[in-house]
Amino acid sequence: MSEIAIIKTTEGDMVVEFWSDVAPKTVENVKTLAKKGFYDGTAFHRVIKGFMIQGGDPLTKDASKESVWGTGDPGYKIKAEFNKRPHQRGVLSMARSNHPDSAGSQFFICHGDPAFLDGQYTTFGKVIKGDDVLEKIATTPTHPQDRPDKRMGVISITVAPGDSVK
């Protein structure tokens, strides 16, 4: 039985399917963090229209730490699981630094089709419901460092059985 995740945001809900077949450890990591409530209260801190929206940084729970948003992680890194699934609109992929094995909790959802990322970042799922929410977040006004002017909050990420969402 496959599982899905419901990403509840201040702009509405997105439902994502996981690709355990191509990125089993990445999927397990994100599901484990979600079940612990790690993502609750975080925000999409980097928004680039036509490219992607990025979230999963625990430092975004604190607005006073905006200068270091994008640097937080769960205290560990996971190994990359590069695969053949392309970066297309709605695809989830792990954010990382220059080192391939430096992802932890941060992820991004493609708003465009950034094919130049294929094979260099771990794709691990896709939005199957809530494309309108992706659109709202991706097209919100931003200020320097691609920060949204209005907080694009993640209320929670919950994991549920795949057949629970119609």
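Definitions and limits used
- Residues numbered from 1 in each chain as written.
- Predicted model: local features only at pLDDT ≥ 70, side-chain atom pairs only at ≥ 80, totals over all residues.
- Heavy atoms only, no water.
- 1 Å grid on protein atoms, 1.4 Å probe; cavity = no way out; pocket = protein on both sides within 12 Å on 5 of 7 lines; lining within 4 Å.
- Points joined across faces, edges and corners; volume = space filled by probe spheres on them.
- Nonpolar A, V, L, I, M, F, W, Y, C, P; charged D, E, K, R; others polar.
- Pairing = 2+ DSSP bridges.
- Helix = DSSP H or I, 4+ residues; strand = E, 2+ residues; numbered from the N terminus.
- Axes fitted to C-alpha atoms, helices over the stretch in contact; angles between N-to-C directions.

Student: Please explain the layout of surface pockets as it appears in this structure.
Tutor: Sizing a probe to match a water molecule and rolling it over the atoms shows the empty space that remains. Looking at the largest pocket, its volume works out to about 400 Å³. Lining the largest pocket are 23 residues; nearest its centre among them are Gln-54, Gly-70, Ala-95, Arg-96 and Ser-97. Of the residues in the lining of the largest pocket, the class split is eight nonpolar, ten polar and five charged.

Student: It is not clear to me how the sheet that holds strand β5 (residues 91-94) should be interpreted in this structure. Could you clarify?
Tutor: Taken together, the eight strands give an open sheet; going across it, the order is β3-β4-β6-β5-β7-β2-β1-β10, and neighbouring strands pair in antiparallel fashion. Bordering the open sheet on either side are β3 (46-48) and β10 (154-161), each of which pairs with just one other strand. Each strand of the sheet is rotated relative to its neighbour by a mean of 25°, with strand direction disregarded. In the sheet, β5 pairs with strand β7 (residues 123-129) via three bridges, with the strands oriented antiparallel. Paired with Val-91 across the strands is Lys-126, a residue of β7.

Student: When you look at empty space enclosed by the protein in this model, what are you seeing that I'm missing?
Tutor: What the rule picks out here adds up to two cavities of 30 Å³ or more. Quantified by volume, the largest cavity comes out at close to 60 Å³. Looking at the largest cavity, the residues that line it are Ala-5, Ile-7, Val-16, Phe-18, Val-30, Ala-34, Tyr-39, Leu-92, Phe-107, Phe-124 and Ile-157. Sorting the residues of the lining of the largest cavity by element identifies β1 (3-9), β2 (12-18) and α1 (24-35) as the ones contributing at least two each. Residues of the lining of the largest cavity, tallied by class, amount to eleven nonpolar, no polar and no charged. Within this model, the second largest cavity holds a volume of roughly 50 Å³.

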